[in-house]
There are 2 protein chains.
Amino acid sequence: MSQRIDGHPYPMIQALEQYRREGQTIGFVPTMGCLHRGHQALIEASRNDGNLTVVSVFVNPAQFGPNEDFDKYPRDNDRDYELAAAAGGDIVWYPDVADLYPADAQTSVRPGALADKLCGISRPQFFPGICTVVLKLFNLVRPHQAYFGEKDYQQLAIIRRMVADFYLEIDVVGCQTVRETDGLAMSSRNRYLTEADRDTALTLVRTIEAARRAFAEGERNAAALKTHLTKAWPKDLELDYLDFREPDFLEEEHQLKAETRLFLGAWLRGIRLIDNAAIG
Amino acid sequence: MSQRIDGHPYPMIQALEQYRREGQTIGFVPTMGCLHRGHQALIEASRNDGNLTVVSVFVNPAQFGPNEDFDKYPRDNDRDYELAAAAGGDIVWYPDVADLYPADAQTSVRPGALADKLCGISRPQFFPGICTVVLKLFNLVRPHQAYFGEKDYQQLAIIRRMVADFYLEIDVVGCQTVRETDGLAMSSRNRYLTEADRDTALTLVRTIEAARRAFAEGERNAAALKTHLTKAWPKDLELDYLDFREPDFLEEEHQLKAETRLFLGAWLRGIRLIDNAAIG
């Protein structure tokens, strides 16, 4: 049975205290709701690791910019509950904005250089907002393990860094990107895509596949490969970045290695699309 | 018997784990060393609250500006150990810079509006640096109670705020300012004062006493009192601020109340002096 908790965290904290006393480990999957199979894979991973699994559903205002889609970000709490429960989530928690950002709250987390690149350039409030809410959630849930998708690889790297820098006793688990049958990385924003958009949106995963093929055929020069990959870029897909980076500090890689990751960010009619993968 | 631990935190964490299992509460007094009776009063308060008491001694580079006195900040670990032990500290821990700021560390805490006033104006790195190291120390020591002096009242208010905003389960205890027999607030930097400086430095506590007298005699107008208090200000005491503020968010107070605090910051030959007290 999954338990649904709306609002204030204390019922959840009390429920978890009981499980903790019984020696149960806690797994945590923080989400912005609008769940899809990618989130369900995180919940399943936590369950497979033997955790009592908490799923939070919270659209975090701090990570949206003034002209971004906070207000129209999709919300469907009942459907999210069903999907989280079906994947094995034990507690599904819906904090209100006032529970995580009371009027007097003013302290925040400032991630370092990892947040100043890729998605951080066009969205400077994004990673500080994520780190702040994730630290709050971590301190309330106090999980043993926390699960994040590799689709948001920069977020995963920044949260790993925060956990290390602040000496949090949490094992951060990265889980493989889940894709639609056509290869598009699962994302809550995919629902905004029309049929006509879809083919253009698939440019991201096709570019990753092309990079992997080129690497397999011996290409090691990042600049040359980038030129090749952007040659036939669709006009209506506004490219934000296409970068080859090493996996820990996301420094640019000039000489490609198997663990080098290709990072892609773009907008299609204002819809944010990102994807990434190791090229080897 | 007091235990001295140099460097890496893990021996301390292991020692504390044992005490915690035995049901012992942990009290924590973070210091920058150069201990005096003010620090000893914090250690004694923790002991009186029944805590196993951890004292950290760490001169935190992140809270010093480029032209401030980090390098020449006084350090005397052996003497600090004796003073901490004499006051009843159970564990005295001296982390190295590399223990709290490893080369890869990059995540920090950004306090909010509370840090943008008083000492935060002339020293913008000060409170972010303090919050960052205190959060790291809190997460390593995981105390039940933590003790801070009211002499650094703005620091106390900012740390209370951080603890609330980040949902840390720590009771932050503020302790009254300890003063020399002549009234000067205890400070590690007092040793820099010559006999001739001393009388000038006492301007701060004399100003507080004058404000308290004026309030007792019925003065309620902050601006008028400020004009009165600064009329005969010594030329060689460079005034940074003299402000009446409410005690929680340190907002300026125009109409004086008993709980209104007078905050003073100044430099004497480059030596930083601060003091504060409730005027009622």
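Residues numbered from 1 in each chain as written. Chains lettered and ligands numbered in written order. Predicted model: local features only at pLDDT ≥ 70, side-chain atom pairs only at ≥ 80, totals over all residues.

Asks: So what exactly am I meant to see when it comes to the interface of chain B and chain A here?
Replies: By a widely used convention, the size of an interface equals the accessible area lost when the partners come together. Contact residues are listed per partner, giving 21 residues for chain B and 21 residues for chain A. Taken together, the elements giving at least two residues each to the side of chain B that touches chain A come down to strand S5 (108-110), helix H6 (126-141) and helix H7 (153-165) of chain B. Looking at the side of chain B that touches chain A element by element, the count peaks at five residues for H6 of chain B. Considering only residue class, the side of chain B that touches chain A consists of 12 nonpolar, five polar and four charged. Relative to S5 of chain B, strand S5 (residues 108-110) of chain A is paired through three bridges, and the arrangement is antiparallel. Note on S5 of chain B: the bridge partner recorded for Ser108 of chain A is Arg110 of chain B. (Contact = placed C-beta atoms within 7 Å. Helix = DSSP H or I, 4+ residues; strand = E, 2+ residues; numbered from the N terminus. Nonpolar A, V, L, I, M, F, W, Y, C, P; charged D, E, K, R; others polar. Pairing = 2+ DSSP bridges.)

Asks: Any chance you could explain the environment of Asp99 of chain B here in plain terms?
Replies: Residue and element names in this part refer to chain B. Tracing the chain through its elements places Asp99 in helix H4 (residues 97-100). Residue classification places Asp99 among the partly exposed positions, given that 17 C-beta atoms sit within 10 Å. Each residue touching Asp99, except ones within four places of it in the same chain, is listed here: Gly7, His8 and Pro9. (Buried ≥ 20, exposed ≤ 12 C-beta atoms within 10 Å, placed from the backbone.)

Asks: Looking at this model, I keep getting lost on the relation of the copies chain B and chain A. Mind explaining?
Replies: Between the two copies of this chain, the relationship is a rotation about some axis together with a displacement along it. Screw-axis analysis of chain B against chain A gives a translation of 0.0 Å along the axis, an RMSD of 0.0 Å, and a rotation angle of 180°. The transformation just described matches what one would write down for a two-fold rotation axis. Of the C-alpha atoms belonging to chain B, the one lying closest to the rotation axis is found on Val109 of chain B, 2.3 Å away. Mapped onto chain A, 100% of the interface residues of chain B are again interface residues, and the two copies thus contact each other with one and the same surface. (Least-squares fit on C-alpha atoms with pLDDT ≥ 70 in both.)

Asks: What is the right way to look at the pairing of strand S6 (residues 145-149) of chain B in this model?
Replies: Along any regular strand the residues' side chains alternate between the sheet's two faces. Residue and element names in this part refer to chain B. Most of S6 is tucked away, with four of its five residues classed as buried. Sheet topology places S6 next to strand S7 (residues 171-175); five bridges connect them, and they run parallel. Looking at S7, one finds that Phe148 is bridged to Gly174. Taken together, S6, H7 and S7 constitute a β-α-β crossover, and its handedness is right-handed. (Right-handed = clockwise from strand over helix to strand, strands pointing away.)

Asks: Whenever I open this one, the domain arrangement of chain A confuses me. Can you help?
Replies: Residues and elements named next belong to chain A. Domains assigned within chain A are domain 1 (3-175) and domain 2 (188-278). Using only C-alpha atoms to locate each centre, domain 1 and domain 2 end up separated by 26 Å. Each partner contributes to the interface: domain 1 provides 12 residues, whereas domain 2 provides 13 residues. Looking at the side of domain 1 that touches domain 2, the elements that each hand over two or more residues are helix H5 (119-122) and helix H7 (153-165). The leading source of residues in the side of domain 1 that touches domain 2 is H7, at three residues. Among the residues forming the side of domain 1 that touches domain 2, the class breakdown is eight nonpolar, three polar and one charged. (Domains from an automatic or database assignment.)

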